[in-house]
Amino acid sequence: MTSSLRLSALKAITLTAALSMTAGLAAAGDVVPADQILHALQPKPLTRGLTIGSQADPAVKARETGFIAAIKDRKTRSLSLGEREEIAEIASSKPKIDLEIQFDYNSADIRSSSVAAVQELGKALSNPVLRGSTFVVEGHTDAIGGEAYNQDLSERRADAIKHYLVEKYGINGSDLVTVGYGKSKPKDPNAPMDPINRRVEVVNLDTKTASK
């Protein structure tokens, strides 16, 4: 396959999903169903042998809880670089799913072909199993364009997803923390300009939904 054909094929992929412990891409045109998103975001039951992470250290858990409470209801653009990095550190060990949701060019308007993907996300987050959890909605871009431009674009797109979920699914806005990372955290660091890096990552910051 020539490079131009390969690029065209990649652009045809409107949605990909990757569970936090699983590699792979959704087939072109696929929409990740709500039950799959729910499964990805639902914390797994804790076991007696689990000794890593914030669950095993009350002090760390308390610090995380306090930080999350402090950033809830904050405007996306008010977050400092340090706060964005702390969110990323906390989120790194939490249940998550990547959704490569397409937007109109140079815009935060969700592309019509991706509306179904956002609707499935709305259904999943509305499930009683996840009720009361706090979610991070992260915006990411590819490396095309300047750093400031991509940072602003990623923030606006994360906010657009939050607005849709609040307006269409009645999800509590304070349960959705939006943050933009621009082009700083590519999904594929070896191909920073690849469309696969244009994505929205959703992370469940809470572990209280795990089995007791």
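In what follows, the accompanying structure is described. Note that this is a predicted model, so its numbers are computed, not measured. (Residues numbered from 1 in each chain as written. Predicted model: local features only at pLDDT ≥ 70, side-chain atom pairs only at ≥ 80, totals over all residues. Heavy atoms only, no water.)

Focus on the sheet that holds strand S3 (residues 176–180)
Strand order in the open sheet made by the four strands is S1-S4-S2-S3, with mixed pairing throughout. On the outer flanks of this sheet lie strand S1 (96–99) and S3, each paired with one strand and no other. In this sheet, adjacent strand axes meet at a mean angle of 20° when their direction is disregarded. Here S1 pairs with strand S4 (residues 199–204) via four bridges, running antiparallel. (Pairing = 2+ DSSP bridges. Helix = DSSP H or I, 4+ residues; strand = E, 2+ residues; numbered from the N terminus. Axes fitted to C-alpha atoms, helices over the stretch in contact; angles between N-to-C directions.)

Notes on helix H5 (residues 115–125)
Within the span of H5, buried status applies to Ala117, Val118, Glu120, Leu121, Gly122, Ala124 and Leu125. Lining the buried residues of H5 we find helix H2 (34–41), S1, strand S2 (135–140), helix H6 (147–169), S3 and S4. (Buried < 20%, exposed > 50% of the residue type's maximum accessible area, 1.4 Å probe, protein only. Contact = heavy atoms within 4.5 Å.)

Examining the pairing of S4
Along S4, six of the six residues are buried, which leaves the element largely enclosed by surrounding structure. Residues Arg199, Glu201 and Val203 of S4 are buried on one face, and the alternating residues Val200, Val202 and Asn204, pointing to the opposite face, are buried as well. Examined bridge by bridge, S2 and S4 share six bridges and lie antiparallel to one another. Opposite Val137, over in S4, you have Val202 as the bridge partner.

Structural notes on the pattern of salt bridges
Evaluation of the coordinates by the stated rule reveals 13 salt bridges. Asp175 is the partner of Lys72 in a salt bridge, and the nearest nitrogen-oxygen pair spans 3.7 Å. One end of the pair, Lys72, is in the loop between helix H3 (58–71) and helix H4 (81–91); the other, Asp175, is in the loop between H6 and S3, and 103 residues separate them in sequence. Given the relative accessible area of 16%, Asp175 is considered buried. A single network of salt bridges, built from pairs that share partners, joins Arg77, Asp152, Glu155 and Arg156. (Salt bridge = Lys/Arg side-chain N within 4 Å of Asp/Glu carboxyl O.)

Comments concerning the nonpolar core
In terms of nonpolar packing, the biggest core is built from 28 residues, with Ile37, Leu41, Ile101, Leu121, Leu125, Ile161 and Leu165 touching the most fellow members. When residues no more than four places from it in sequence are discounted, the contact partners of Ile161 are Ile101, Phe103, Ile110, Val118, Leu121, Val137 and Val200. In this structure, Leu79, Ile87, Ile90 and Val179 belong to the second largest nonpolar core, which totals 14 residues. (Core = buried A, V, L, I, M, F, W, Y, C linked by side-chain atoms within 4.5 Å.)

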